[in-house]
Amino acid sequence: MAEAVNSPKCGLFKDVKFSITNKLDVRSAGFHPVEPVLACGLVSGELVFIRGTDHSTPFENWEMEPKKYRYGRIILSVQWNADGSKVAAGSDDGTVIVWSYPGDGKQEFHRKGLSNFPLIVWNPFNRDVLASYNNAVDTTHVMIGDSATETPLTYTIKSTLNCETVAWMSHNQLACGYDDGTFEVHEIESRNKQLKGKMVQKNRHDLGDHEHVCITVTIPQNFNLQGGIRSAVTSIAMNKELNLLASGGSDNRLKIWFLGSNDPTRVLDLDSACKSLAWSSDIKDEKTRKTFIACGLENGNVVIWYPFERGNQTRKLTGNDQFHQLFLSPDGRYLASTDYFKKLIIWSTKSWKSIYVLPPSGFMYPYMMTWDAASSRLGISERKGQRQFKVIEFVEAEKCCAGCKKTSPDLKLCARCNSVLYCSKECQCSHWPQHKLVCNKHE
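Quick caveat, the model's predicted, so the values are computed rather than measured.

K.L.:
Got a minute to help me understand the overall build of the protein chain in this structure?
P.N.:
Across its full length, the protein chain carries one helix and 34 strands. The proportion of buried residues among the 443 residues of the protein chain is 56%. Put simply, 47% of the contacts in the protein chain that link residues at least 6 apart link residues at least 24 apart. For the protein chain, the accessible surface area stands at approximately 19600 Å², while carbon and sulfur atoms represent 47% of it.

K.L.:
Before we go on, may I ask you to explain the sheet that holds strand β12 (residues 141–146) in this structure?
P.N.:
Hydrogen bonds between backbone groups are what pair the strands of a sheet, and the pairing can be parallel or antiparallel. Spatially, β10-β11-β12-β13 is the arrangement adopted by the four strands of the open sheet, whose pairing is antiparallel. At either end of the open sheet lies a strand with only one pairing partner, and these are β10 (118–122) and β13 (153–158). Direction aside, the axes of adjacent strands within the sheet are offset by 25 degrees on average. Direction of pairing for β12 relative to β13: antiparallel, over a ladder of six bridges. Pairing of Val142 across the sheet is with Ile157, part of β13.

K.L.:
Teacher, can you tell me more about helix α1 (residues 425–435) here?
P.N.:
Since there are 3.6 residues in each turn of an α-helix, residues three or four apart along the chain are aligned in direction. Of the residues making up α1, those classed as buried are Cys427, His431 and His435. Summarising the axial view, the buried residues of α1 lie within an arc of 65 degrees, below the 170-degree limit, and thus occupy one face. Relative to its buried face, α1 has exposed residues pointing more than 90 degrees away, namely Lys425, Glu426 and Ser430.

K.L.:
Is there a simple way to explain the sheet that holds strand β6 (residues 75–80) in this structure?
P.N.:
Here four strands make up an open sheet; going across it, the order is β6-β7-β8-β9 and the pairing antiparallel. Lying at the two open borders of the sheet, with one neighbouring strand each, are β6 and β9 (106–109). Across the sheet, the axes of successive neighbouring strands diverge by a mean angle of 20 degrees, strand direction being ignored. For strand β8 (residues 96–100) and β9, the ladder comprises four bridges, and the chain directions are antiparallel. Of the residues in β9, the one forming a bridge with Val98 is Gln107.

K.L.:
Even after reading the chapter, I still don't get the nonpolar core, so can you show me in this structure?
P.N.:
Note on soluble globular proteins: their nonpolar side chains tend to be buried together. Among the nonpolar cores identified, the biggest contains 16 residues, and Val142, Ile144, Ile157, Val166, Leu174 and Cys176 are the most heavily contacted of them. Every residue in contact with Val166, bar those within four places of it in the chain, is listed here: Val121, Tyr133, Val142, Leu174, Ala175, Cys176 and Ile236.

K.L.:
Sorry, what's going on with the packing of aromatic side chains here?
P.N.:
Two aromatic rings, taken as a pair, are described by how far apart their centres are and by the angle between their planes. Under the criterion given, the structure shown has 11 aromatic pairs. Taken together through their ring pairs, the aromatic side chains of Phe49, Tyr69, Trp80, Trp99 and Tyr101 make up a single cluster.

K.L.:
Mind showing me how you'd approach the side chain of Thr182 here?
P.N.:
Structurally, the position occupied by Thr182 is in strand β16 (residues 182–191). With residues up to four places along the chain from it excluded, the contact list for Thr182 reads Leu161, Cys176, Gly177, Lys202, Asn203, Arg204, His205 and Val233.

K.L.:
Looking at this model, I keep getting lost on the pairing of strand β19 (residues 244–249). Mind explaining?
P.N.:
Side-chain positions along a regular strand alternate between the two faces of the sheet. Across the six residues of β19, six count as buried, placing the element largely inside the fold. Examined bridge by bridge, strand β18 (residues 233–239) and β19 share six bridges and lie antiparallel to one another. Paired with Ile236 across the two strands is Ser247, which belongs to β19. Between β18 and the antiparallel strand that follows it, β19, lie four residues; Asn243 among them carries a positive phi value of about 55 degrees. Relative to strand β20 (residues 253–258), β19 runs antiparallel, the two being bridged by five bridges. Along β20, the bridge assignment pairs Ala246 with Ile256. Following β19, the chain reverses through three residues before pairing antiparallel with β20; Asn252 in that reversal takes a positive phi of roughly 65 degrees.

K.L.:
In this structure, what is going on with the environment of Asp339? I would like to understand it.
P.N.:
As for its placement among the helices and strands, Asp339 is situated in strand β27 (residues 334–339). Spatially, the C-alpha atom of Asp339 lies 5.9 Å from that of Asn320, the residues being 19 residues apart in sequence. Among the polar contacts listed, one links the side chain of Asp339 to the backbone nitrogen of Asp321, at a separation of 2.8 Å.

K.L.:
Looking at this structure, how should I read the pattern of salt bridges?
P.N.:
As a working rule, side chains carrying opposite charge can pair if their charged atoms are close by. Summed over the entire model, instances satisfying the criterion amount to 15 salt bridges. Ionic pairing is found between Arg127 and Asp83, a salt bridge with its closest N-O pair at 2.9 Å. Within this pair, whereas Arg127 is found in the loop between β10 and β11 (129–134), its partner Asp83 is found in the loop between β6 and β7 (86–91), the two being separated by 44 residues in sequence. Asp83 sits in the partly exposed class, given a relative accessible area of 34%. Note that Asp372 is salt-bridged to Arg377, the shortest N-O span being 3.5 Å. Side by side, Asp372 and Arg377 carry an identical accessibility label, which is buried. Residues joined by salt bridges that share partners form a network here, namely Glu35, Arg51 and Glu65.

Thresholds, definitions, all that
- Counting of residues starts from 1 at the beginning of each chain's written sequence and follows it residue by residue.
- Totals for whole chains, interfaces and linings use all residues, but because this is a predicted model, local features are given only for residues with pLDDT of at least 70 and pairs of side-chain atoms are given and counted only at 80 or more.
- Derived side-chain values reflect all non-hydrogen atoms in the structure, with water molecules and hydrogen atoms excluded from consideration.
- By definition, any uninterrupted DSSP run of H or I lasting at least four residues is a helix, any uninterrupted run of E lasting at least two residues is a strand, and each is numbered from the N terminus.
- Between buried and exposed lies partly exposed: a residue is buried under 20% and exposed over 50% of the maximum accessible area for its type, with that area taken using a 1.4 Å probe on protein chains only.
- When checking whether two residues touch, look at their non-hydrogen atoms; a contact exists if any pair is within 4.5 Å.
- Using a 1.4 Å probe, the Shrake-Rupley method yields the accessible areas, and only the shown protein chains count as cover for residues.
- In this description, strands pair whenever DSSP reports at least two bridges between them.
- To obtain an axis, a line is fitted to C-alpha atoms, over the contacting stretch when the element is a helix, and the angle between two such axes runs from 0 to 180 degrees between their N-to-C directions.
- Note: the arc covers the axis-to-C-beta directions of the helix.
- The criterion is simple. A nonpolar core is a set of buried Ala, Val, Leu, Ile, Met, Phe, Trp, Tyr and Cys residues joined through side-chain atoms within 4.5 Å.
- Between 30 and 60 degrees the pair is tilted, below 30 it is stacked and above 60 it is edge-to-face, where a pair is any two Phe, Tyr or Trp rings, Trp via its six-membered ring, whose centres lie within 6.5 Å.
- Two N or O atoms form a polar contact when they lie within 3.5 Å of each other; inside protein one atom must be a possible hydrogen donor and the other a possible acceptor, and for residues adjacent in sequence the pair counts only when both atoms belong to side chains.
- What makes a salt bridge here is a side-chain nitrogen of Lys or Arg within 4 Å of a carboxyl oxygen of Asp or Glu, nothing more.

Written as structure tokens, this is what we have:
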């Protein structure tokens, strides 16, 4: 694994390795939303759990639980529901398996159509309902699964278009973004022991700032407003506190919508296609905060947009290459971004300084990230070679000098980047050849 250039062993973050197996094994992992538990999906078809005594327990002291769940085929994705009472795993045959945790209940949801890599999106408003779709082969079908009853219920949203992204808007409404520049809102209901669904709204994301198309207008699949190249809605994100929906697309635009509206309330032009969106979370230790949305762009940049501040304030963060994932920690203190070359950057949302940089590793498969509930740990699954997978986690480190590694009550921050500590001018000078590679590099 490539060594982080900003000395994580004594910086704000350090890396801690936990070996699950010496074989080609972990493909995805997910932290429990409440408890100190990490679920790891294995290539062998098992779901195993690592548990700490509490959230303050150092990760290297967590232990494997005796409990294991088994499906029998490769597990490629792992997601917990909102309260951690259920964990879902997506298999390479397209099946989604839901286990009750820590019980033994098991349900299987079989997707229709081609199978490859099922993505799982739990409904944050309803702990029993999930959506699953496939962004690798068959993207025209979105499966809705309800695990509330002993017999699992399913409903499939079918389209002639490729579904690029989905986001739950309420306990029974799901937004689906398509590759023709539109997104639809589908209403899901359970009636007579069956799931039913209907489209209740259709918007065009890729129209001008003040244009809209109502649901009654029929738009041909290949219709396009930009010279024959059809754009796509590539990311949708819901802000539950403000009841706002954000959509980003390959048309280089980010838009914010009031629920039920056909016109965006805010529009931001970007310099590249939007790949990932994340709304700011509540920051408990601040009396006031500004709402922002983070947008990961195809060119590797991250745009931070404060849509309700005067002048449409924005900030650009640079450092990634071809963008892959963007995740905010649950308490909103940190933003983690990765690219397809497996470079990882952790940013402070207070200063927007890069406080941890892990260079590209060059191995196959990008990182799959997961924040734990305490927000001081970021878990990533990395292929460490042809026969080994490990889960790497970053935890808050003890405050110490980045040069000599000693702790002291009189440490001072680097005045240029405010991200590393030194006990003396001598230590700062001796550490400069290493620190200069990242000091203020990503402003």
